[in-house]
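# Commentary on secondary and tertiary structure
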Amino acid sequence: MKRLKFRAHHMGSNENDILFGGFAEKYLHTLTPEQVDRFETLIAETDTDLFNWVTGKQAAPAHLDHDVMSMVKAFVQNEAAIT
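Here's a quick rundown of the structure.

Parameters at a glance
- Residues numbered from 1 in each chain as written.
- Predicted model: local features only at pLDDT ≥ 70, side-chain atom pairs only at ≥ 80, totals over all residues.
- Heavy atoms only, no water.
- Helix = DSSP H or I, 4+ residues; strand = E, 2+ residues; numbered from the N terminus.
- Buried < 20%, exposed > 50% of the residue type's maximum accessible area, 1.4 Å probe, protein only.
- Contact = heavy atoms within 4.5 Å.
- Salt bridge = Lys/Arg side-chain N within 4 Å of Asp/Glu carboxyl O.

## Some details on the environment of phenylalanine 23
- Examined against the element boundaries, phenylalanine 23 turns out to sit in helix H2 (residues 14-27).
- The exposure class assigned to phenylalanine 23 is buried, which follows from its relative accessible area of 0%.
- Setting aside residues no more than four positions away along its own chain, phenylalanine 23 makes contact with Leu28, Leu31, Phe39, Met71, Val72 and Phe75.

## So, the side chain of asparagine 52
- Mapping asparagine 52 onto the fold places it in helix H4 (residues 47-54).
- Other than its neighbours up to four places away in sequence, asparagine 52 contacts Lys57 and Gln58.

## With respect to H4
- Among the residues of H4, Asp47, Leu50, Asn52, Trp53 and Val54 are the ones counted as buried.
- Those residues of H4 that are buried lie in contact with H2, helix H3 (33-42) and helix H5 (67-78).

## Thoughts on the pattern of salt bridges
- Scanning the entire structure with this criterion turns up four salt bridges.
- The residue arginine 7 makes a salt bridge to glutamate 40 at a minimum N-O spacing of 3.1 Å. Within this pair, whereas arginine 7 is found in helix H1 (residues 2-9), its partner glutamate 40 is found in helix H3, the two being separated by 33 residues in sequence.
- Owing to a relative accessible area of 27%, arginine 7 belongs among the partly exposed residues under this scheme.
- The exposure class assigned to glutamate 40 is partly exposed, which follows from its relative accessible area of 22%.
- Connected through salt bridges with shared partners, the residues Arg3, Arg7 and Glu40 form a single ionic network.

Structural data, given as structure tokens:
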């Protein structure tokens, strides 16, 4: 879990560091092992794609449009603050 939190905080762009790092800090410990796997697969995608998907600028590919993506999108819309 520590390694995954670190990766979520150091993704490349400041925006994604804030969004995915914040999500990981708040919710990673509540995810099932399967959801953790989906989160890890998700953050392996490119920064630009991830940002566009979670902010609703583009639709996520079907294979990544799952429960964890929905949770991250909800976090971004309701809880994350990019300054």
